[in-house]
Amino acid sequence: MEQSSWTALQVTGIWVVMEATAGIVVHPVKQNRMNTTIFGTTLINVDMLEFGKERCENWESLPLQLGDSFMIDKPVFDIPTLFYNVSIDMEGQPQHLNPLTAIDGCNSAAETNVTDIAIEVANDAQSVFSNSIGGFIVSPSIATLLDPSTCSDIQGCLKYCPGACLRTILFHTDVTYDSVMTVKDVNYPELTYTFNSAEFMGTKFAYTSAYFGASLSDTDYEVSFHNPSTNDLVFPSFVAPIFLNVPSSCDTYATESTESTVTIVKPSPSRAECDDLIRSGSFDTEESMVNFLQISTSPS
């Protein structure tokens, strides 16, 4: 990162007593899902001052907080976010209060089910998240796919993995299939995690994709889809991986090249599937036409 690209910014604590406020809210999703060039929150040379000083008992503000409701229509992390040389001053916290955390992702995970966070920390010179080593802030789901000895808990329902180099990949799939996505490290099969599909706005239409997301390094992975009830291997008629922005501070991230392979596993087709390649394709009744166009979610 060249010095000419740095931006100096200083943020101080705001002494307003209210619930669920934050110094900076980091929104984990974008609205234009197909744009692979959009970046999210980028903090470069930011000093956040006096967040712990003389804190009131009912003051719940945090320095950094992942967005938990505003304009989040799909619970999948898809907006590359960068922290570079961020310092957070949490000195002077009253000893009888629960200590503040630098960044919180609990509300985001609980309220909107965004559980696949991967935020790049290009430079941690102030040792906010580690001992000055760059890496990624990740959800526990992403940490499951990495060497467990390298990641540490930083509270706030997040982990910090120094030295990690990750790239977020969105997997667009057929929304009419109820499936879960399993990602497995080919070289270390014990490193595996199963992701749920991101819901999209309640009622589903045939032209709307379901979304899965995972942030991966440059190792070999197998991606497979399974029936959530039986765990049988399935294939949701199509899977389109979209590789988002590359990280700025490392180069051992997942790529589309053959050197870094993301293999999508497909089951052998059955005779029944071959006999019904166009589902509800006869259009012989009004109901079959509706079934072809629209898939409704189960009642809550």
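Residues numbered from 1 in each chain as written. Predicted model: local features only at pLDDT ≥ 70, side-chain atom pairs only at ≥ 80, totals over all residues. Heavy atoms only, no water.

Novice: What is the right way to read the packing of aromatic side chains from this model?
Specialist: Two aromatic rings, taken as a pair, are described by how far apart their centres are and by the angle between their planes. By the definition in use, this model includes four aromatic pairs. Centroid distance Phe-129 to Tyr-160: 5.8 Å. Interplanar angle 25°. Geometry classified as stacked. Here Phe-129, found in the loop between strand S9 (118-123) and strand S10 (135-138), pairs with Tyr-160, found in strand S12 (residues 159-162); they are 31 residues apart in sequence, far enough to count as distant. Overall, Tyr-160 belongs to the buried group, its relative accessible area being 0%. (Phe/Tyr/Trp six-rings, centres within 6.5 Å; stacked < 30°, edge-to-face > 60°. Helix = DSSP H or I, 4+ residues; strand = E, 2+ residues; numbered from the N terminus. Buried < 20%, exposed > 50% of the residue type's maximum accessible area, 1.4 Å probe, protein only.)

Novice: Even after reading the chapter, I still don't get the state of the cysteines, so can you show me in this structure?
Specialist: Summed over the entire model, instances satisfying the criterion amount to three disulfides. Here Cys-106 pairs with Cys-157 through a disulfide, and the sulfurs are 2.1 Å apart. An S-S torsion of about 100° defines the bridge between Cys-106 and Cys-157 as right-handed. Here Cys-106, found in helix H1 (residues 106-112), pairs with Cys-157, found in the loop between strand S11 (152-153) and S12; they are 51 residues apart in sequence, far enough to count as distant. Each sulfur in the disulfide pair Cys-165 and Cys-250 lies 2.1 Å from the other. Handedness of the Cys-165-Cys-250 disulfide follows from its S-S torsion of about 90°: it is right-handed. On the criterion of sequence distance, the pair formed by Cys-165 in the loop between S12 and strand S13 (167-174) and Cys-250 in the loop between strand S20 (239-243) and strand S21 (262-264) is long-range, its members being 85 residues apart. (Disulfide = S-S within 2.5 Å.)

Novice: I would appreciate a short explanation of the sheet that holds S13 in the present structure.
Specialist: Strands belonging to one sheet form pairs held by backbone hydrogen bonds; the direction of such a pair is parallel or antiparallel. Taken in spatial order, the three strands line up as S17-S13-S20 in an open sheet, and their pairing is antiparallel. Each edge of the sheet is formed by a strand with only one pairing partner; in this case those strands are strand S17 (209-216) and S20. Strand-to-strand twist of the sheet, defined as the mean angle between neighbouring strand axes without regard to direction, takes the value 25°. Bridge count for S13 against S20 is five bridges, and the pairing is antiparallel. Bridge pairing in S20 links His-172 to Ala-240. (Pairing = 2+ DSSP bridges. Axes fitted to C-alpha atoms, helices over the stretch in contact; angles between N-to-C directions.)

Novice: Is there a simple way to think about the pattern of salt bridges in this case?
Specialist: Between side chains of opposite charge, pairing is possible as soon as their charged atoms come close. The final tally for this structure, using the stated rule, is two salt bridges. In this structure, Glu-222 and Lys-184 form a salt bridge, with 3.7 Å as the shortest nitrogen-oxygen distance. Note that Glu-222 is positioned in strand S18 (residues 221-226) and Lys-184 in strand S14 (residues 180-185), a separation of 38 residues in sequence. With relative accessibility at 30%, the residue Glu-222 sits in the partly exposed group. Exposure remark for Lys-184: the relative accessible area of 29% places this residue in the partly exposed category. (Salt bridge = Lys/Arg side-chain N within 4 Å of Asp/Glu carboxyl O.)

Novice: What is the right way to look at the nonpolar core in this model?
Specialist: Looking at soluble globular proteins, one finds that nonpolar side chains tend to be buried together. Phe-83, Ile-103, Phe-129, Ile-137, Met-181, Val-183 and Leu-216 are the most contacted members of the largest nonpolar core, which totals 53 residues. Residues within four places of Val-183 in sequence aside, it is in contact with Leu-145, Leu-191, Thr-192, Tyr-193, Phe-195, Ala-214, Leu-216, Tyr-221, Glu-222 and Val-223. Core analysis: the second largest hydrophobic core is formed by five residues, Leu-170, Tyr-211, Ile-242 and Leu-244 among them. (Core = buried A, V, L, I, M, F, W, Y, C linked by side-chain atoms within 4.5 Å. Contact = heavy atoms within 4.5 Å.)

Novice: Please explain the side chain of Asp-104 as it appears in this structure.
Specialist: Its place among the elements puts Asp-104 in strand S8 (residues 103-104). In this structure the side chain of Asp-104 is engaged in a polar contact, spanning 3.4 Å, whose partner is the backbone nitrogen of Cys-106. The residues contacting Asp-104, other than those within four sequence positions of it, are Leu-62, Leu-64, Gln-65, Leu-66, Gly-156 and Leu-158. (Polar contact = N/O pair within 3.5 Å; in protein donor to acceptor, adjacent residues only side chain to side chain.)

Novice: Could you clarify how one ought to interpret the pairing of S9 in this entry?
Specialist: Looking down a regular strand, the side chains alternate between one sheet face and the other. Within S9, five of the six residues are buried, leaving the element largely enclosed by the surrounding structure. As defined by bridge partners, strand S6 (residues 82-84) adjoins S9 across three bridges and the pair is classed as parallel. Across the sheet, residue Tyr-84 finds its bridge partner in S9, namely Asn-123. For S9 and S10, the ladder comprises four bridges, and the chain directions are antiparallel. Bridge pairing in S10 places Ile-119 opposite Ile-137.

Novice: Would you mind going over the environment of Ala-110 with me for this structure?
Specialist: In this structure, Ala-110 sits in helix H1. Residues Ala-110 and Cys-157 lie 47 residues apart in sequence; the distance between their C-alpha atoms is 9.8 Å.

Novice: Is there a simple way to think about the sheet that holds S6 in this case?
Specialist: Taken together, six strands build an open sheet; the order of strands is S3-S6-S9-S10-S12-S11 and the sheet is mixed. If you trace the sheet from one side to the other, it starts and ends with strand S3 (42-44) and S11, each paired once.

Novice: What exactly am I supposed to notice about unusual backbone geometry here?
Specialist: Note: most residues except glycine have negative phi, and most peptide bonds are trans. With a phi close to 55°, Asn-45 is a non-glycine residue in the positive phi region. Within the element layout of this structure, Asn-45 appears in the loop between S3 and strand S4 (46-49). The phi angle at Asn-85 is positive, at roughly 55°, despite the residue not being glycine. Residue placement: Asn-85 occurs in the loop between S6 and strand S7 (87-88). Among the residues examined, Asn-85 registers a relative accessible area of 18% and is labelled buried.

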